[in-house]
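A closer look at the structure
The residues making up each chain are set out below.
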Amino acid sequence: MGKGGSLSNSVIKKVLLSYTYVAIWIFLSFTVIVYNKYILDKKMYNWPFPISLTMIHMSFCSTLAILLIKVFKVVEPVSMSRELYLSSVVPIGALYSLSLWLSNSAYIYLSVSFIQMLKALMPVAVYSIGVLFKKEGFKTDTMVNMLSISFGVAIAAYGEARFDTWGVMLQLGAVAFEATRLVMIQILLTSKGITLNPITSLYYVAPCCFVFLLVPWIFVEFPVLKETSSFHFDFVIFGTNSFCAFALNLAVFLLVGKTSALTMNVAGIVKDWLLIAFSWSVIKDTVTPINLFGYALAFLGVAYYNHSKLQALKAKEAQKKAAQADEESGRLLEEREGEGTGKRSESQN
């Protein structure tokens, strides 16, 4: 009875912790998205400078990551040569800076709810680019699923009350660059045995992003900011916004490390529906029935894709365990045969 009680307590504790990690990630992801929308939207805080906002995030995250690694030594930096940094981290940093710039720019033109619907295309982009770079095998059933997700998003776009072509192009560009970045991480880092957690990732990538963003900022936003004499840097707004962005990176590490990447995908779906509800009820964005019907189709496609990935992962793990068991039984059989041969030799002597 005591053992059973302690077992159930440990299971309950593990489940509660998992839900806590999920809740923290959803809250921070939700907060960063709504906070960015609030800052950039011309009808709210009215500071439509997405490059500047992204650079503030990158400088803040770089500083904190350097402090955590170099001063407080929370995590160890990854051993990396200059050649590896230039050939692997710099391209990833360039893609990340473009993804953040375009996604933040989309908040100026599109509603939060519609942006979440367009983000449902991420699995389509990752799979398509993975096939292009031969990191994923082409499968007809997977491609049909990708087309169903795309069809759902197209219906959602058709039903969008505040459709803005430029905003949609910006968000689709952000999805394309982010998907390319995720595939490049596999090709340039994971394949070389290099894994970066969110702190070491920010330590190496955030300064690189800042430098890449500096070039367009000088030509696009700096001249406008220079003429805006009425603007005063609000340390509370931008400080808390940047801290939320940094905390979100840590929450990703916590969620994936303590649960799984699939849990984060499922949590992401819950977060998207919450954001759509918030966008409709609080921000008063228009969400049409056609919007919801299209996104529901895309949602089912994404859910099926996640389920397929989980089944493939389980099959791979089972195959790996079976191979290990075969190897172990083969080794034991060889040992027994060796012992039998030794005994026969002794008896003959």
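In what follows, the structure referred to is the one given above.
Notes on the structure follow. Keep in mind that this is a model prediction, so the values were computed, not measured. (Residues numbered from 1 in each chain as written. Predicted model: local features only at pLDDT ≥ 70, side-chain atom pairs only at ≥ 80, totals over all residues. Heavy atoms only, no water.)

**Quick notes on the overall build of the protein**
Helix and strand counts for the protein stand at 12 helices and zero strands. Starting at the N terminus, the α and β elements of the protein follow one another as α-α-α-α-α-α-α-α-α-α-α-α. Within the protein, buried positions represent 41% of all 349 residues. Residue pairs at least 24 apart in sequence account for 84% of intrachain contacts in the protein once pairs closer than 6 positions are excluded. Taken as a whole, the protein presents about 19600 Å² of accessible surface, with 67% of it coming from carbon and sulfur. (Helix = DSSP H or I, 4+ residues; strand = E, 2+ residues; numbered from the N terminus. Buried < 20%, exposed > 50% of the residue type's maximum accessible area, 1.4 Å probe, protein only. Contact = heavy atoms within 4.5 Å. Areas by Shrake-Rupley, 256 points an atom, 1.4 Å probe, with all protein chains shown as cover.)

**Points about the packing of helix H4 (residues 112-119) against helix H7 (residues 165-188)**
Where H4 contacts H7, the axes come no closer than 10 Å and their chain directions differ by 40 degrees. It follows that H4 is oblique to H7 by the angle criterion. Handedness of the crossing formed by H4 with H7: right-handed. Judged by residue contacts, Phe114, Ile115, Leu118 and Lys119 of H4 engage Val168, Gln171 and Val175 from H7. Within the contact of H4 with H7, the residues separate by chemical class into five nonpolar, one polar and one charged. (Axes fitted to C-alpha atoms, helices over the stretch in contact; angles between N-to-C directions. Parallel < 35°, antiparallel > 145°, perpendicular 65-115°, else oblique. Left-handed = near helix turned anticlockwise from the far one by under 90°. Nonpolar A, V, L, I, M, F, W, Y, C, P; charged D, E, K, R; others polar.)

**Observations concerning the packing of aromatic side chains**
Following the criterion strictly, the structure yields 13 aromatic pairs and no others. When the centroid spacing of 4.9 Å and the interplanar angle of 70 degrees are considered together, the rings of phenylalanine 233 and phenylalanine 235 count as edge-to-face. Take phenylalanine 233: its relative accessible area is 39%, and that puts it in the partly exposed class. On the basis of an interplanar angle of 20 degrees and a centroid distance of 4.9 Å, the ring pair of phenylalanine 233 and phenylalanine 238 is categorised as stacked. What makes phenylalanine 238 buried here is its relative accessible area of 1%. Taken together, Tyr38, Tyr45, Trp47, Phe49, Phe233, Phe235 and Phe238 form an aromatic cluster joined through their ring pairs. (Phe/Tyr/Trp six-rings, centres within 6.5 Å; stacked < 30°, edge-to-face > 60°.)

**Looking at the layout of surface pockets**
Space inside the second largest pocket adds up to approximately 240 Å³. Within the lining of the second largest pocket, the residues separate by chemical class into 12 nonpolar, one polar and one charged. (1 Å grid on protein atoms, 1.4 Å probe; cavity = no way out; pocket = protein on both sides within 12 Å on 5 of 7 lines; lining within 4 Å. Points joined across faces, edges and corners; volume = space filled by probe spheres on them.)

**Quick notes on unusual backbone geometry**
The phi angle at lysine 73 is positive, at roughly 50 degrees, despite the residue not being glycine. If you check the backbone angles, lysine 284 has positive phi at about 65 degrees while not being a glycine. Inspection of the secondary structure puts lysine 284 in the loop between helix H11 (261-281) and helix H12 (289-348). Classification of lysine 284 as exposed rests on a relative accessible area of 62%.

**Here's the deal with the nonpolar core**
Core analysis: the largest hydrophobic core is formed by 72 residues, its most contacted members being Ile39, Trp47, Phe114, Met117 and Phe238. It is helix H3 (residues 82-109) that provides the largest number of residues to this core, a total of 10 residues. Beyond its immediate stretch of four places on either side in the chain, phenylalanine 238 contacts Ile39, Tyr45, Trp47, Leu53, Ile56, Phe231 and Phe233. If you look at the next biggest cluster of nonpolar residues, it comprises 12 residues, including Tyr21, Val22, Ile26 and Ala251. (Core = buried A, V, L, I, M, F, W, Y, C linked by side-chain atoms within 4.5 Å.)

**Brief notes about H7**
Look at H7: 34 Å from first C-alpha to last across 24 residues, which is about the 34 Å you get at 1.5 Å a residue. Between a side-chain oxygen at the N-terminus of H7 and the backbone nitrogen of tryptophan 166 the separation is 3.1 Å; the capping residue is aspartate 164. (Expected span 1.5 Å × (residues − 1). Polar contact = N/O pair within 3.5 Å; in protein donor to acceptor, adjacent residues only side chain to side chain.)

**What to know about a nonpolar patch on the surface**
Judged by side-chain polarity, Leu214, Val215, Ile218, Phe219 and Val220 come together as a nonpolar surface patch covering roughly 470 Å² of accessible area. Of note, isoleucine 218 is situated in helix H8 (residues 198-220). Exposure remark for isoleucine 218: the relative accessible area of 41% places this residue in the partly exposed category. (Patch = residues over 30% accessible without salt bridge, like charges linked within 9 Å, V, L, I, M, F, W, Y side chains within 5 Å. Salt bridge = Lys/Arg side-chain N within 4 Å of Asp/Glu carboxyl O.)

**What to know about the pattern of salt bridges**
Enumeration according to the criterion identifies five salt bridges in this entry. Put simply, arginine 181 and glutamate 178 hold a salt bridge, and the shortest N to O gap is 2.7 Å. Here glutamate 178 and arginine 181 lie together in helix H7, a separation of three residues that amounts to about one turn. In this structure, lysine 271 and aspartate 272 form a salt bridge, with 3.6 Å as the shortest nitrogen-oxygen distance. For lysine 271, a relative accessible area of 9% corresponds to the buried category.

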